[in-house]
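# Observations on the model geometry
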Amino acid sequence: MSAENPNVDIMTMEEAAAELARLAREIAHHDALYHGKDAPEISDADYDALKRLNDAIETRFPELVREDSPSRRVGAAPSVTFSPVVHARPMLSLDNTFSDEDVSDFVASVYRFLGHLPDDSIAFTAEPKIDGLSMSLRYENGRLVSAATRGDGTTGENVTANVRTIAEIPDRLPTGVPEVVEVRGEIYMAKSDFLALNRQMEAEGKQTYVNPRNTAAGSLRQLDAKVTASRKLRFFAYAWGEMSAMPSDTQFGMVQKFREWGFPVNPLMKRLHSVADILAHYHEIGLERPELDYDIDGVVYKVDRLDLQQRLGFRSRSPRWATAHKFPAEQAFTTVEAIDIQVGRTGALTPVARLTPVTVGGVVVTNATLHNADYIEGIGNSGERIRPEGHDIRIGDTVVVQRAGDVIPQVLDVVLEKRAEDAAAYEFPKKCPVCGSHAVRERNEKTGKLDSVTRCTGGFVCRAQATEHLKHFVSRNAFDIEGLGSKQIDFFFESEDPALQIRTAPDIFTLKARQESSLAKLENIDGFGKVSVRKLFEAIDKRRDIALHRFIYALGIRHVGETTAKLLARSYGTYDAFAVAMKEAAPLAGEAWNELNAVEGIGEIVARSIVEFYKEPRNIEVVDRLLGEVRPEAAEQPMTTASPVAGKTVVFTGSLEKMTRDEAKAGAERLGAKVSGSVSKKTDIVVAGPGAGSKLDKAREFDIRIMDEDEWLAFIAEA
Ligand code: IVH
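Throughout what follows, the structure given in this document is the object of discussion. (Residues numbered from 1 in each chain as written. Predicted model: local features only at pLDDT ≥ 70, side-chain atom pairs only at ≥ 80, totals over all residues. Heavy atoms only, no water.)

## Quick look at helix α19 (residues 591–598)
At 3.6 residues per turn, the α-helix brings residues three or four places apart onto the same side. The set of residues buried in α19 consists of Ala592, Trp593, Leu596 and Ala598. Looking at the buried residues of α19, the elements they touch are α17 (562–572), α18 (575–584), α20 (604–615) and β22 (674–676). (Buried < 20%, exposed > 50% of the residue type's maximum accessible area, 1.4 Å probe, protein only. Helix = DSSP H or I, 4+ residues; strand = E, 2+ residues; numbered from the N terminus. Contact = heavy atoms within 4.5 Å.)

Here you go:
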């Protein structure tokens, strides 16, 4: 994704509307990954660029601002595992600034808004922007009563039990504090603790974590508070929500109070007046950044006086009295020594640039992803030229690499002046480098365009696909088998001894029995001892009963990620019901096919991919063998069973006036209903608003219970 799109000025209204629709979808997708799954796909800088592009188009075409515009939302809707907490005061976001000039503009806008105040008379606080998770801690009569994540800003998740295990967060406040106190701040994991945790994971043969922020988020979202307790999480207090009395009248004073009450506060916070001083502090913090034991991604400026904050107030999603001055993504020059091709689970050939090691922001970078053949050529997903001049990347090139936050380093640009005269354009392989099968780019049936991904056609024959498949199968969100990491999978896969071989997933579960009747004992092999072998077999046996969604996810069906697997598990309830339906859906028509497409959140591409999987006899054979070893549990019915809609299938159609469609859906699901996008004989209730059309007709035809929005609200109020 290129940074600011220069074409906004010449966009037609139609193009702008289409682009806004695309951005709403794309940003919502990244929000969900970031907030819901703690697994970002793009860098913060690229994310910010998408938001800026959205803002730029909306500024030029204010009449096109969408109901679901990213500028109206803060973060993502809360995920389902924890009970919801409605924040007494919304948890807002901050506007971002990127340049010294933006900061002067911010300060000037504060002066302009307040009017008639002498230069440099307004104090601002400046403090690091911690890259963690925001948290709202509510104390009543000095006792911690609830801890909630930000969620979508209005409603967060109740993570009180987990937060109580964090030593840095006081359970009780000193006497004399106001009756209601909501302290807000950032939960984070120290870099040193993160590195230690990863060393431990590696030693245990487990998958390592990506970065401290996601690890902190994952640690907090544990259903078992003991796990949270085992991860040293920390906290900085910097803001507040509801307060029954204010202990200070400045931002600085409030934070000092928090410190007195026992909360950790950031030592780098300063109170400053002039733009020059503010910027100097920003650059100082920037210099200290690599030495800090926590990740920061900018500096936050806030108007110090609370009465002025009050007057300045809020825009729709962020305060006028504060801004976040982001650090630029870190960059460095290096050379491309080689381009290697990695073959993934689905056969995708991913080129990786091997770089001369270079330090980017305190981290040594040796690889950068090159995504696909087009990317190497300088062509983006929509056929546009990427990188400032659209240069291709060649072996031997001097390149600019960027490492932003969490994401894998990227090659930003090529320094053409330094290119050797005889450097040849990179030729993307036409054969899989692992198994030698043809590698092809599929054509999208609908658009006729070539897919950007080149795929190995070797399937099960390809060693890379097979081992990647196994690694996926045992990964944390799938079967999560402790002691069976990447190295071990490679070892078992390569083994020629039938008593040690693991070629497909069911082999994992027969390993112990094969070992028992063989002389080739695992415990005698380097790297495995008696204890670790026993533990490995215990870990394998522990997974013979497995949650349905994990089982479906582990099958490694293309396009079926964790979220889709959960949707499928919830919709079909049992593995048998699911498998039967998928086989029935084979003709891509008929009741079973329609049902699959009606699962909210499942589109045609995903549906096709699942059906294709079940058409392949080899897949069926492997799954059948697997089912001889493990038992997928029936999916849990969500939340209450007492609710009148629990287990019922509900369809919303027409326009809703009292709530958004998303809200209606979330509400119904919280009560245990299944929300579907289309009406079938299995639908129990259709909630029809004004303008309802064919779905309402169908509901009448099938004699399904129909309600209007008010009736629905009254109906669920009984819950
Ligand atoms: S102040 C009304 N101060 O940044 C604004 N936020 O982009 C309240 N953050 O959701 C937030 N360090 O999670 C503030 N020193 C700091 C911060 C900080 C990190 C996060 C916070 C917030 C996000 C906004």
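Following the structure, the description resumes.
## A closer look at the site of the ligand
Neighbouring residues of the ligand: 14 residues in total, closest Ile130, Arg150, Glu186, Tyr238 and Lys302. With respect to the ligand, the backbone of Pro128 contributes an N or O atom lying 3.2 Å from a nitrogen atom. Here a nitrogen atom of the ligand sits 3.1 Å away from a polar atom, N or O, in the side chain of Lys302. For the ligand, whose free accessible area comes to 530 Å², the fraction covered by protein is 89%. (Near = heavy atom within 4 Å. Polar contact = N/O pair within 3.5 Å; in protein donor to acceptor, adjacent residues only side chain to side chain. Areas by Shrake-Rupley, 256 points an atom, 1.4 Å probe, with all protein chains shown as cover.)

## A few points about the sheet that holds strand β11 (residues 322–326)
A sheet is described by the order of its strands in space; here five strands give the open sequence β2-β11-β10-β3-β9, paired in mixed fashion. Edge strands, defined here as strands with exactly one partner in the open sheet, are β2 (96–97) and β9 (270–272). Bridge count between β2 and β11: two bridges; the pairing is parallel. Bridging across to β11, Asn96 finds its partner in Ala324. (Pairing = 2+ DSSP bridges.)

## Quick notes on the side chain of Ser219
With respect to the secondary-structure elements, Ser219 resides in helix α6 (residues 212–220). For Ser219, a relative accessible area of 0% corresponds to the buried category. Reaching out from Ser219, the side chain makes a polar contact with the side chain of Arg231 at a distance of 3.0 Å. In this structure, Ser219 is in contact with Met189, Thr228, Arg231 and Leu233, ignoring residues within four places of it in sequence.

## Observations regarding the pattern of salt bridges
Tallied over the full model, the rule gives 40 salt bridges. We note a salt bridge from Lys530 to Glu523, for which the minimum N-O separation is 3.9 Å. Given the relative accessible area of 62%, Lys530 is considered exposed. Using a relative accessible area of 32% as the deciding quantity, one classes Glu523 as partly exposed. Overlapping salt bridges bring together Arg138, Glu140, Glu182, Arg184 and Glu242 as one network. (Salt bridge = Lys/Arg side-chain N within 4 Å of Asp/Glu carboxyl O.)

## Description of the packing of helix α12 (residues 463–474) against helix α14 (residues 505–516)
Their axes nearest at 9 Å, the elements α12 and α14 cross at an angle of 70°. In terms of orientation, α12 and α14 fall into the roughly perpendicular class. Mapping the contact onto sequence places Leu470, Phe473 and Val474 in α12 and Ala505, Ile508 and Phe509 in α14. (Axes fitted to C-alpha atoms, helices over the stretch in contact; angles between N-to-C directions. Parallel < 35°, antiparallel > 145°, perpendicular 65-115°, else oblique.)

## A closer look at the state of the cysteines
In the structure shown here, the tally under the stated rule is zero disulfides. The thiol of Cys432 is not disulfide-bonded; the next cysteine sulfur, from Cys456, is found 3.7 Å away. Take Cys432: its relative accessible area is 3%, and that puts it in the buried class. Here Cys456 is not cross-linked by a disulfide; its sulfur's nearest cysteine counterpart is in Cys435, at 3.6 Å. (Disulfide = S-S within 2.5 Å.)

## Some words on empty space enclosed by the protein
Evaluation of the coordinates by the stated rule reveals one cavity of 30 Å³ or more. Counted as a void, the largest cavity has a volume near 50 Å³. Among the elements of the structure, β3 (124–130) and β8 (233–243) are those that each provide at least two residues to the lining of the largest cavity. (1 Å grid on protein atoms, 1.4 Å probe; cavity = no way out; pocket = protein on both sides within 12 Å on 5 of 7 lines; lining within 4 Å. Points joined across faces, edges and corners; volume = space filled by probe spheres on them.)

## Description of the sheet that holds strand β21 (residues 649–653)
The strand order across the open sheet formed by four strands is β22-β21-β23-β24, and the pairing between neighbours is parallel. Edge positions in the sheet fall to β22 and β24 (705–707), since each has one partner strand and no second. Taking each pair of neighbouring strands and ignoring which way they run, the sheet shows an average axis angle of 30°.

## Observations concerning the packing of aromatic side chains
If you walk through the whole model with that rule in mind, you get 24 aromatic pairs. Geometrically, the ring pair formed by Phe314 and Trp321 is edge-to-face, given 6.1 Å between the ring centres and 75° between the ring planes. Their ring planes at 75° and their centres at 5.0 Å tell us that Phe551 and Tyr575 sit as a pair that is edge-to-face. A residue pair is termed long-range when its members are at least 10 positions apart, and Phe551 in helix α16 (residues 548–554) and Tyr575 in helix α18 qualify at 24 residues. The two residues Phe551 and Tyr575 agree in class, both being buried. An aromatic cluster of at least three residues, connected via ring pairs, comprises Phe473, Phe479, Phe509, Phe551, Tyr572, Tyr575, Phe578, Phe613 and Tyr614. Its end group placed over the ring of Phe715, Arg705 keeps NZ or CZ at 4.8 Å from the ring centre. (Phe/Tyr/Trp six-rings, centres within 6.5 Å; stacked < 30°, edge-to-face > 60°. Lys NZ or Arg CZ within 6 Å of the ring centre and 35° of its normal.)

## What to know about the packing of helix α3 (residues 100–114) against helix α9 (residues 275–288)
α9 packs onto α3 with a crossing angle of 135° between their chain directions and a minimal axis gap of 10 Å. Considering the angle they form, α3 stands oblique to α9. Both α3 and α9 take part in a crossing whose hand is right-handed. Two secondary-structure elements touch here, α3 through Asp100, Val103, Ser104 and Val107 and α9 through Val275, Ile278, Leu279 and His283. Here the contact of α3 with α9 is composed, by residue class, of five nonpolar, two polar and one charged. (Left-handed = near helix turned anticlockwise from the far one by under 90°. Nonpolar A, V, L, I, M, F, W, Y, C, P; charged D, E, K, R; others polar.)

## Things to note about unusual backbone geometry
With a phi close to 60°, Asp120 is a non-glycine residue in the positive phi region. Mapped onto the fold, Asp120 is located in the loop between α3 and β3. A relative accessible area of 43% means that Asp120 is categorised as partly exposed. In the Ramachandran plot, Asn141 falls in the positive-phi region, its phi being about 50° despite a non-glycine side chain. Residue position: Asn141 is located in the loop between β4 (133–140) and β5 (143–149).

Any functional reading would require information beyond the geometric quantities listed.
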